[in-house]
Amino acid sequence: MSSVSATVQDVFNEPACPKNAAKSEKERKKGCTKQLQPGGAAGGCAFDGAKIALQPITDVAHLVHGPIACEGNSWDNRGAYSSGSTLYRTGFTTDLNETDVVFGGEKRLYKSIKEIIEKYNPPSVFVYQTCVPAMIGDDIDAVCKAASKKFGKPIVPVNSPGFVGPKNLGNKLAGEALLAHVIGTVEPEYTTPYDVNIIGEYNLAGEMWQVEPLLKEIGFRILSCISGDAKYTDVASSHRARATMMVCSKAMINITRKLEDLYGIPYFEGSFYGIGDMSDSLRQLAQLVIDRGAPAEFMDRVEAVIAREEKLAWDEIMSYLPRLKGKKVLLITGGVKSWSVVAALQEVGMEIVGTSVKKSTKEDKERIKELMGEDAHAFDDMSPREMYKMLKDARADIMLSGGRSQFIALKANMPWLDINQERHHAYSGYKGMVDLVKEIDKALYNPIWDQVRTIAPWQNAADSWQAKADAEAAREAAELAADPAKAEAKRRSKKICKCKTVDLGTIEDAISTGALTTVEQVVDITHAGSGCTGCRGAIGGILEGLAGGPVVELTLEERRAVKICNCKDVTRGMIEDAVHAKNLTTVAEVTEATNAGGGCTSCCDTIDDILSEIVAPIAVAAE
Amino acid sequence: MAIVEIGKKACAVNPLKMSQPIGGALAFMGIRDSMPLFHGSQGCTSFGLVLFVRHFKEAIPLQTTAMSEVATVLGGYENVEQAIVNISNKQKARLIGICSTGVTETKGDDVDAYISLVRQQHPELDDIALVYVSTPDFKDAFQDGWEKTVAKIIEKLVKEPEPDVARDQKKLVVLPGSQYTPGDLDELRDIIEGFGFEPLFLPDLAASLDGHIPDDFTPTSLGGISLEEIAALGDAAHCIALGSHMKLAAETLQKKAGVPFKLFERMIGLLPTDAFIAHLMEISGREVPLRIKRQRSQLVDAMLDGHFHTGGKKIAMGLEPDFFYDLSSFLVEMGCHITAAVSTNATPILEKVQCESVLIGDLEDLERLGAGCDLLITHAHGRQASERLHIPLFRMGLPIFDRLGAGHITAVGYRGARDLIFDIANMFIANAHVARPDTWYPHPAEGADSLASPTVAH
Ligand code: SF4
């Protein structure tokens, strides 16, 4: 187990993770692991994460060492597609029984590997450690080593027992396993200047196939995709690529960075979601291979394909404009894959309730942040009745969110579309974005909505649960209005930091008793903002509010020098200049012009603020 | 009568089995205002949650004590305590049903002791019921988790009636096995009410997981039997247990409250339903309602129509023991042969299955044994074998994640059996081999070269 904890520490030290770079030494050691709440909702375990990351390698046998719970309850439930072998969908588990738990499961594991090789003869077996064998001290590394030797095949230990942490940690531990045992062990038959790796893409619902043909048409060779629709040898030879694209998530950043460190393969972080992002990614990938010696004309091929595909996609999307114009979308997710999804929706005239609404006031912003908060958290904390109220208050026509909230939406008779989870529909690339718009249209115009909203002939409208919920909400509101103390208590009970469960009152008290002035002090004392750090903006707001104005008055120049986009290194001044010079009006345009917001997209709200500050006066001036 | 063989493989391939705690959790979900809680790492809970959501297509109440690596080593009292407090405060659950998992059983957490300590520390939680069931993942399977949980609920929550209690002659307790769907329970309720009884199902998934639109949103279970109803089960005049694994629960109720029970090991098919109806006639002293009489004749008719298609068919079946016994017996009564039989764990009921042998194994075994069969019957994970063997799959059991309506599949009662025959026979009809020119002999046209070809005409 000590080797696991060492690897875990290593993963937490990931310097290329921007979130990490912003943390102190002590914080970093704690890792990105959120404090888990007993009796709070459950996310997947590290084993789950490791399996998600590696199972898409299609020709490998994935063997889960543990009791039946880990594999038996979950196998073949992940939507990665394969163009070849189906072995990855076969569930292998040692199904440990009581005797194994008492006497150790190593023998059974070894025999299992042997059986798999005899029956299925895969190029490799990946062995996943789970909690129970980790507790009883089964040394899967040793077993795998012995088996590799005996059977002359790479048997790869994946040391990611569930209880070391959540899914995203498991993703990284999976990466470590690949780095330690797989990558660099096979030389490709030949190489080309156009060899690239795509990392962090799992080919869910076949989304890679919305992108791969274009890459090939342009002339790239995908040396390895980690791990969507991958073969073992592809992954093993990925160290010979010329460039790496890391797909959006930070899940596999450790592989990406070590490929750069050890083999000098440069990378960029990009996304295939959304038209703009897709085009950008193609350009960036091309630029990287050109920088490493591919002919500069290569970019022309890229541009030609981009121009063609963008036109096709926009033409098709615009055909939905008459049907979708003016419809309100409630977007509830931390997982919007890209801001350009939002851009596409806005392009067809849809109004996004809950994201970058132009000219929104400060209060609007707060509300939006609330709506957009990390979805899992937002929903866990919200009672379903509150959620219903929110749906209603938003007066939305359709809700786009992650899978967790679907039942609320559907039971509230609200059209709903899952945009986080690509299990059923692929939304990648140009075609994917068209499909997304198509799906929204389909959901919105389905004739069932009017029918399911009618009440039964024997029912009184006032008796419906909707009416009851409304009445209940009205009663609560009245109660709060009548009782200022209660209203104040409710206001103070608002949760600001969802990771550490810190409410507004606690923060306000800490600020006034400790006479705090900076966000860091608040973090230190209340621990709010020490988890995912997402609420630090809000803490700043609270400080400002209590201080009766911005905490520190900045001079104009200081203000212009403030970095807005940390990913792309863009300051407020640069954005303001671009907005003035090019008459920009949307966040997407700003991103296009300055790159700000083109990274993790967390600054898009701020960009929108800047826009509304500038654009509104211009509009007035023009009148 | 089958010989039960235990597989000798070290490695389970394509598991048929699911773990014990999720069987326990599902039983808790059939109780109103309850929150099942896994004492273990978060991942186990997450997998269980996803499994049920995909099967029932409903929001599922299920919580975790979120044991970290460190907590696992130190013991989980604090996690259990915190979870209980949080669930009581946030979700307003009235019953918290705690199932242990492999992780906490390996460490040997004494949850019963934890609960007494929580009781001492938190008098404010006195009116919240806490029921703990030991369900290690590395032992037994889904059905067993259900069995133990229902028995434990009775042991802990049913009040002992006064010794001279006047038994409520209308009150009939039904203890359904884990294999019965919400649809099955509704069918049974309908039948039982037809005899003037007021049935109480423990657990009652029909009221909680049948996909109805709730009147209010609740994070706990939506419906089901209430705690008050459970507490008052003791004065019931009758109890019916469905499936051999419900014997334990029925005996517990008898011991505790003196409720006599009748156990039905089978519920599917004409004869089992006849036996069930006969029992209801006897204990109620009532005539059989007209509609049930009509349903019986419909079933008989369906059997007559269906037997042409089901007769002689070879079935490969992989299900948990009690369900296996019930469904396979029905199919044998329709003229089918069970030629490949795989189940999850050895229980005596499997010896009664009418086939040569039942293997305790996985879906790889079923795929190997099932080659050449006419129909595959198992849960949705049989889809890969079905594809590879080119044998149609009839989805039964849990999970069924790739079809809608899993909760409404109804097999019990005359109506259920009637529809089941239609569904299965239709699969045979759809996949019937149509005679082709070369079905019996190589077609002459293919050997035409050597003969004077009749097509040559100049
Ligand atoms: S938390 Fe541990 S025991 Fe539970 S599913 Fe994950 S690896 Fe298995």
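Only a predicted model underlies this, so the values are computations on that prediction, with no experimental measurement involved.

Participant: Is there a simple way to explain the side chain of Asp 144 of chain B in this structure?
Facilitator: All names here are of chain B. Assignment of secondary structure puts Asp 144 in helix 7 (residues 142-157). An unpaired buried charge is present at Asp 144: no salt bridge exists, and Lys 148, the closest side chain of opposite charge, is 6.0 Å distant. Engagement of the side chain of Asp 144 in a polar contact is seen with the backbone nitrogen of Ala 141, the distance being 2.9 Å. Residues in contact with Asp 144, not counting those within four places in the same chain, are Gln 20 and Asn 345.

Participant: Help me out: how do you make sense of the interface of chain B and chain A in this one?
Facilitator: The figure often quoted for interface size is the accessible area lost as the parts come together. Counting from both sides, the interface comprises 60 residues of chain B and, opposite them, 63 residues of chain A. The contact between chain B and chain A buries some 5300 Å² in all, and 59% of this surface belongs to carbon and sulfur atoms. At the surface where chain B touches chain A, the tally comes to three salt bridges. Arg 383 of chain B is paired through a salt bridge with Asp 76 of chain A; the nearest N and O atoms lie 3.1 Å apart. Here chain B is connected to chain A by 20 residue pairs in polar contact (both at pLDDT 80 or more). For the side of chain B that touches chain A, the elements supplying multiple residues, two or more each, are strand 2 (12-13), helix 2 (42-56), strand 4 (63-64), helix 3 (69-74), helix 4 (77-91), helix 5 (102-107), helix 15 (363-370) and helix 16 (383-389) of chain B. Counted by class, the side of chain B that touches chain A contains 23 nonpolar, 22 polar and 15 charged residues. Note that strand 2 (residues 92-93) of chain A and strand 2 of chain B share two bridges and pair antiparallel. Counterpart to Phe 92 of chain A in the pairing with strand 2 of chain B is Val 13 of chain B.

Participant: Looking at this structure, how should I read the packing of aromatic side chains?
Facilitator: The description of an aromatic ring pair uses the distance of the two centres, along with the angle that the planes make with each other. A complete count under the given rule lists 11 aromatic pairs over all chains for this structure. Seen in terms of ring centroids, Phe 47 of chain A and Tyr 128 of chain A are 6.1 Å apart; in terms of plane orientation they differ by 80°. Their pairing is edge-to-face. Of the two residues, Phe 47 of chain A sits in helix 4 (residues 46-54) while Tyr 128 of chain A sits in strand 3 (residues 125-129), which places them 81 residues apart along the sequence. Assigned by exposure class, Phe 47 of chain A and Tyr 128 of chain A land together as buried. Taking the centre distance of 5.7 Å and the plane angle of 70° together, the rings of Tyr 77 of chain B and Tyr 114 of chain B count as edge-to-face. Here Tyr 77 of chain B is found in helix 4, whereas its partner Tyr 114 of chain B is found in helix 6 (residues 111-121), with 37 residues between them in sequence. For Tyr 114 of chain B, a relative accessible area of 13% corresponds to the buried category. Here the aromatic cluster, defined as three or more aromatic residues joined through ring pairs, consists of Phe 47 and Tyr 128 of chain A together with Phe 47 of chain B. Cation over ring: Arg 221 of chain A sits above Tyr 190 of chain A, and NZ or CZ is 4.2 Å from the ring centre. It is Arg 54 of chain B that lies over the ring of Phe 401 of chain B; its NZ or CZ is 4.5 Å from the centre.

Participant: Help me out: how do you make sense of the pairing of strand 10 (residues 261-264) of chain B in this one?
Facilitator: Side-chain positions along a regular strand alternate between the two faces of the sheet. Residues and elements named next belong to chain B. Here strand 9 (residues 236-242) pairs with strand 10 via four bridges, running parallel. From the neighbouring strand, Cys 239 faces strand 10, where its bridge partner is Phe 261. At this point the chain moves from strand 9, through helix 11 (residues 247-257), to the parallel strand 10, and the crossover so formed is right-handed.

Participant: How should the confidence of the model for chain B be read in this particular structure?
Facilitator: In regions of low pLDDT, the predicted coordinates are not meant to be interpreted in detail. Residues and elements named next belong to chain B. Of all residues in chain B, 94% have pLDDT values of 70 or greater, and the mean over the chain is 91. Taken together, the stretch residues 450-458 has pLDDT below 50 and engages in zero contacts with residues farther than four places along the chain or on a different chain. Two numbers describe this predicted complex: its pTM, 0.80, and its ipTM, 0.88.

Participant: Looking at this model, I keep getting lost on the packing of helix 14 (residues 275-291) of chain A against helix 22 (residues 429-444) of chain A. Mind explaining?
Facilitator: The packing of two helices is summarised by the inter-axis angle and the distance between the axes. Residue and element names in this part refer to chain A. Taken N-terminus to C-terminus, the directions of helix 14 and helix 22 make an angle of 175°; their axes are 9 Å apart at the nearest point. By the angle class used here, helix 14 and helix 22 are roughly antiparallel. Across the interface between the two elements, Ile 275, Met 278, Ser 279 and Leu 282 of helix 14 pack against Gly 429, Tyr 430 and Met 433 of helix 22. For the contact of helix 14 with helix 22, the class distribution of residues is five nonpolar, two polar and no charged.

Participant: What exactly am I supposed to notice about helix 22 of chain A here?
Facilitator: All names here are of chain A. In this model helix 22 runs 23 Å from its N-terminal to its C-terminal C-alpha over 16 residues, within 8% of the 22 Å that 1.5 Å per residue would give. Most of helix 22 is tucked away, with 12 of its 16 residues classed as buried. By the burial criterion, the buried members of helix 22 are Gly 429, Tyr 430, Gly 432, Met 433, Val 434, Leu 436, Val 437, Glu 439, Ile 440, Asp 441, Ala 443 and Leu 444.

Participant: Just to check I follow, could you spell out unusual backbone geometry for this structure?
Facilitator: With the exception of glycine, the majority of residues adopt a negative phi angle, and the majority of peptide bonds are in the trans configuration. Going from Ile 226 of chain A to Ser 227 of chain A, the amide bond is cis rather than trans, its omega being 5°. Relative to the helices and strands, Ser 227 of chain A is located in strand 6 (residues 221-227). The omega torsion of the bond from Leu 398 of chain B to Pro 399 of chain B falls at 10°, within 30 degrees of zero and hence cis. Unlike most non-glycine residues, Ala 515 of chain A shows phi in positive territory, near 50°. Among the structural elements, Ala 515 of chain A can be located in the loop between helix 26 (504-514) and helix 27 (519-526). The backbone of Ala 66 of chain B shows a phi angle near 50°, a positive value even though the residue is not glycine. With respect to the helices, strands and loops of the structure, Ala 66 of chain B is situated in the loop between strand 4 and helix 3. Assessed through its relative accessible area of 5%, Ala 66 of chain B is described here as buried.

Participant: How do you make sense of the environment of Leu 233 of chain B when you look at a structure like this?
Facilitator: Residue and element names in this part refer to chain B. With respect to the secondary-structure elements, Leu 233 resides in the loop between helix 10 (227-231) and strand 9. In this structure the C-alpha to C-alpha distance between Leu 233 and Glu 162, which are 71 residues apart in sequence, comes to 12 Å. Setting aside residues no more than four positions away along its own chain, Leu 233 makes contact with Val 158, Lys 171, Val 173, Leu 200, Leu 202, Ile 225 and Val 259.

Participant: Got a minute to help me understand the pattern of salt bridges in this structure?
Facilitator: Pairing of side chains with opposite charge becomes possible as their charged atoms draw close. Taken as a whole, this structure holds 48 salt bridges over all chains when the rule is applied. Here Arg 189 of chain B makes a salt bridge to Asp 186 of chain B, at a shortest N to O gap of 3.6 Å. Placement of both Arg 189 of chain B and Asp 186 of chain B in helix 8 (residues 182-193) is noted, with a separation of three residues, approximately one turn of the helix. On the basis of relative accessibility, which here comes to 16%, the residue Arg 189 of chain B falls in the buried class. Among the residues examined, Asp 186 of chain B registers a relative accessible area of 36% and is labelled partly exposed. The partner of Glu 367 of chain B in a salt bridge is Arg 388 of chain B, with the nearest N and O atoms 2.7 Å apart. In this pair, Glu 367 of chain B is assigned in helix 15 and Arg 388 of chain B in helix 16, connecting sequence segments 21 residues apart. Under the relative-accessibility criterion, Glu 367 of chain B is labelled buried at 16%. Given the relative accessible area of 38%, Arg 388 of chain B is considered partly exposed. Overlapping salt bridges bring together Lys 119 of chain A together with Lys 9, Asp 362, Glu 364, Asp 365 and Arg 368 of chain B as one network.

How each quantity is defined
Residues numbered from 1 in each chain as written. Chains lettered and ligands numbered in written order. Predicted model: local features only at pLDDT ≥ 70, side-chain atom pairs only at ≥ 80, totals over all residues. Heavy atoms only, no water. Helix = DSSP H or I, 4+ residues; strand = E, 2+ residues; numbered from the N terminus. Buried < 20%, exposed > 50% of the residue type's maximum accessible area, 1.4 Å probe, protein only. Lys, Arg positive; Asp, Glu negative; His and termini not counted. Salt bridge = Lys/Arg side-chain N within 4 Å of Asp/Glu carboxyl O. Polar contact = N/O pair within 3.5 Å; in protein donor to acceptor, adjacent residues only side chain to side chain. Contact = heavy atoms within 4.5 Å. Buried area = accessible area lost by both parts, 1.4 Å probe. Nonpolar A, V, L, I, M, F, W, Y, C, P; charged D, E, K, R; others polar. Pairing = 2+ DSSP bridges. Phe/Tyr/Trp six-rings, centres within 6.5 Å; stacked < 30°, edge-to-face > 60°. Lys NZ or Arg CZ within 6 Å of the ring centre and 35° of its normal. Right-handed = clockwise from strand over helix to strand, strands pointing away. pLDDT = per-residue confidence, 0-100. Axes fitted to C-alpha atoms, helices over the stretch in contact; angles between N-to-C directions. Parallel < 35°, antiparallel > 145°, perpendicular 65-115°, else oblique. Expected span 1.5 Å × (residues − 1).

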